[in-house]
Every structure is written in C-alpha cells, then in structure tokens.
Amino acid sequence: GAVVSQHPSRVICKSGTSVKIECRSLDFQATTMFWYRQFPKKSLMLMATSNEGSKATYEQGVEKDKFLINHASLTLSTLTVTSAHPEDSSFYICSARGPTGLNEKLFFGSGTQLSVL
Amino acid sequence: QKEVEQDPGPLSVPEGAIVSLNCTYSNSAFQYFMWYRQYSRKGPELLMYTYSSGNKEDGRFTAQVDKSSKYISLFIRDSQPSDSATYLCAIGFNFNKFYFGSGTKLNVKP
C-alpha cells in the first residue's frame, strides 16, 4: 500500500520555540494532505486541509498564525507550530489522499508526539 | 447529532473469538467508508475500504456497509492478541472531508 512518512516521531521543545513537522508521500503524488491533532484516548481532530500550491484551509477554531502549513510540492507538506506553549503538547498526525484514480484512499503518517516544556 | 458515532469500548475478548465493531452515521449521502487500526502513539493504518455499499473481505477481516440503516461493521475472525488496538471508522462524502468515529479499543486476551 501507499506510504506516508512523517517525522520527527517525537519532539520535545521549550516554550516559545517553533517546531516543524514534515509529511511526505513516498510513492504517490498527494495533491491534498490533511493535518490532525489527537488527544489521549480521543479521536482525530481535523486541523486543516493542505492543497499543493495554495493556502491551507483551516477548521474552525484552529489558529492559522500558530499552525503554519506549507504544501510546496506534490509530495511534501509541513506543519510548523509557532511559539509553542505547553497546551500545544499533543499527538499530531498527517494524512494524504492518493493515488489519484480508482484506488484512491486516505493514508496516514505515523504521527508526531510534541511535548512543550 | 454527531456525523459518526462509535462505541469507545473497551471491548475485551478471548483469543480466537469473532469480533464485531460498528459505527453509525447520520448522513445518507456518505459514500466512502474506511476502517483503520491504530496502535498506541502510532498513526492509523488502513485496514478496509468500501465505496458505496456491500461487503468486502480481506483475510480475517470483513467490512460491511448497510446504507439503509446507516450502519457499518468490521468483523475480525480468529482474533489474535496482536489485533489489540483501537479501531477507527472514517466516513465521508469524498476524499476532502471525512468524519472519524471516536475509536473502539479492543483487547484480545491470550
């Protein structure tokens, strides 16, 4: 099956710093990628939809200036958590739709555990 | 009313049992139905995908969609301890918008 690579898998940072998380589709082109946040024992909460070459679409309540998303190529989307604070600590997961055609599905990265001290 | 409802469990079964996991949904226009398995602190792994309606089988896993009842199921035959995980359903109109269930935590006891 299609592979989506996400890294880092774990990051610990100090309050006030910025953290970048990368999401890559390894064997298909993903025109659309999604970013989620997941709290312990809770389901996925969609944060934003990222389309290659255009601005991301953020869900209601998600601060676009805090969670910067860039989708510069068909295989790479990045999420930057700016000026991170302890309340931003969470498990962040990306997904990508692809490959285009009858076999299109939604594939997930392995997730990034962010801990802000 | 939530778009997708899923019993969070936990569901505990003995090894070898048949497991039935279910989700209900509110919008009859949903066409895409997927089941994911998620181990702790890992990303969800796609198990089964169904478009529109009907059944699909893959090894020990069977996915069913009942559009008249707005109900989907995932059956696991001959369950193994390695099947212990959280199972998420994902339902949507298209690939731009999916609604996820809250996940059912399954524990298969040896």
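Look a little higher up for the structure.
Cut-off values and rules
- Residues numbered from 1 in each chain as written.
- Chains lettered and ligands numbered in written order.
- Predicted model: local features only at pLDDT ≥ 70, side-chain atom pairs only at ≥ 80, totals over all residues.
- Heavy atoms only, no water.
- Contact = heavy atoms within 4.5 Å.
- Buried area = accessible area lost by both parts, 1.4 Å probe.
- Salt bridge = Lys/Arg side-chain N within 4 Å of Asp/Glu carboxyl O.
- Helix = DSSP H or I, 4+ residues; strand = E, 2+ residues; numbered from the N terminus.
- Buried < 20%, exposed > 50% of the residue type's maximum accessible area, 1.4 Å probe, protein only.
- Pairing = 2+ DSSP bridges.
- Disulfide = S-S within 2.5 Å.
- Phe/Tyr/Trp six-rings, centres within 6.5 Å; stacked < 30°, edge-to-face > 60°.
- Lys NZ or Arg CZ within 6 Å of the ring centre and 35° of its normal.

Moving on: the interface of chain A and chain B. Each partner contributes residues to the interface: chain A has 23 residues there, and chain B has 17 residues. Of the roughly 1,600 Å² buried between chain A and chain B, counting both surfaces, carbon and sulfur atoms make up 58%. Where chain A touches chain B, the interface holds 1 salt bridge. Taking the shortest distance from any N to any O, the salt bridge between glutamate 59 of chain A and lysine 97 of chain B comes out at 3.1 Å. Those elements that provide at least two residues to the side of chain A that touches chain B are strand E4 (32-38), strand E5 (44-51), strand E9 (90-98) and strand E10 (105-108) of chain A.

Residue and element names in this part refer to chain A. Summarising burial for E5: 6 of the 8 residues are buried, a large majority. Of the pairings in the sheet, the one linking E4 to E5 comprises 7 bridges and is antiparallel in character. In the sheet register, tyrosine 36 faces E5, and the bridge partner there is leucine 46. Taking the residues that link successive antiparallel strands as the turn, the E4-E5 hairpin has 5 residues, and the phi of lysine 41 there is positive, at about 60 degrees. Connecting the antiparallel pair E5 and strand E6 (residues 57-58) is a turn made up of 5 residues, with glycine 53 showing a positive phi of about 80 degrees.

To continue, consider unusual backbone geometry. Here the bond from histidine 7 of chain A into proline 8 of chain A is cis, since omega is 10 degrees, no more than 30 degrees from zero. Position of proline 8 of chain A relative to the elements: it lies in the loop between strand E1 (4-7) and strand E2 (10-13). Note the cis peptide between glycine 9 of chain B and proline 10 of chain B, where omega equals 10 degrees. Relative to the helices and strands, proline 10 of chain B is located in the loop between strand E1 (4-6) and strand E2 (11-14). Although it is not a glycine, arginine 41 of chain B adopts a positive phi angle of roughly 65 degrees. The topology assignment puts arginine 41 of chain B in the loop between strand E4 (32-38) and strand E5 (45-51). Using a relative accessible area of 35% as the deciding quantity, one classes arginine 41 of chain B as partly exposed.

Considering all chains together, one arrives at 2 disulfides over all chains under this definition. Here cysteine 13 of chain A is not disulfide-linked; the sulfur of cysteine 94 of chain A is the nearest cysteine sulfur, at 18 Å.

In this section: the packing of aromatic side chains. Scanning the entire structure with this criterion turns up 13 aromatic pairs over all chains. Judged by centre distance (5.4 Å) and plane angle (40 degrees), the ring pair of tyrosine 36 of chain A and phenylalanine 108 of chain A falls under tilted. Taken together, the positions of tyrosine 36 of chain A in strand E4 and phenylalanine 108 of chain A in strand E10 put the pair 72 residues apart, joining distant regions of the chain. For the residue pair tyrosine 36 of chain A and phenylalanine 108 of chain A, the accessibility class agrees, reading buried in each case. Ring geometry for tyrosine 32 of chain B and tyrosine 51 of chain B: centres 5.0 Å apart, planes at 55 degrees, overall tilted. Taken together, the residues tyrosine 32 of chain B in strand E4 and tyrosine 51 of chain B in strand E5 connect sequence positions 19 residues apart. We classify tyrosine 51 of chain B as partly exposed; its relative accessible area is 45%. These aromatic residues form a ring-pair network of at least three members: Tyr25, Phe30, Phe33, Phe93 and Tyr99 of chain B. For the cation-ring pair, arginine 41 of chain B lies above phenylalanine 91 of chain A, with the distance from its terminal atom to the ring centre recorded as 4.6 Å.

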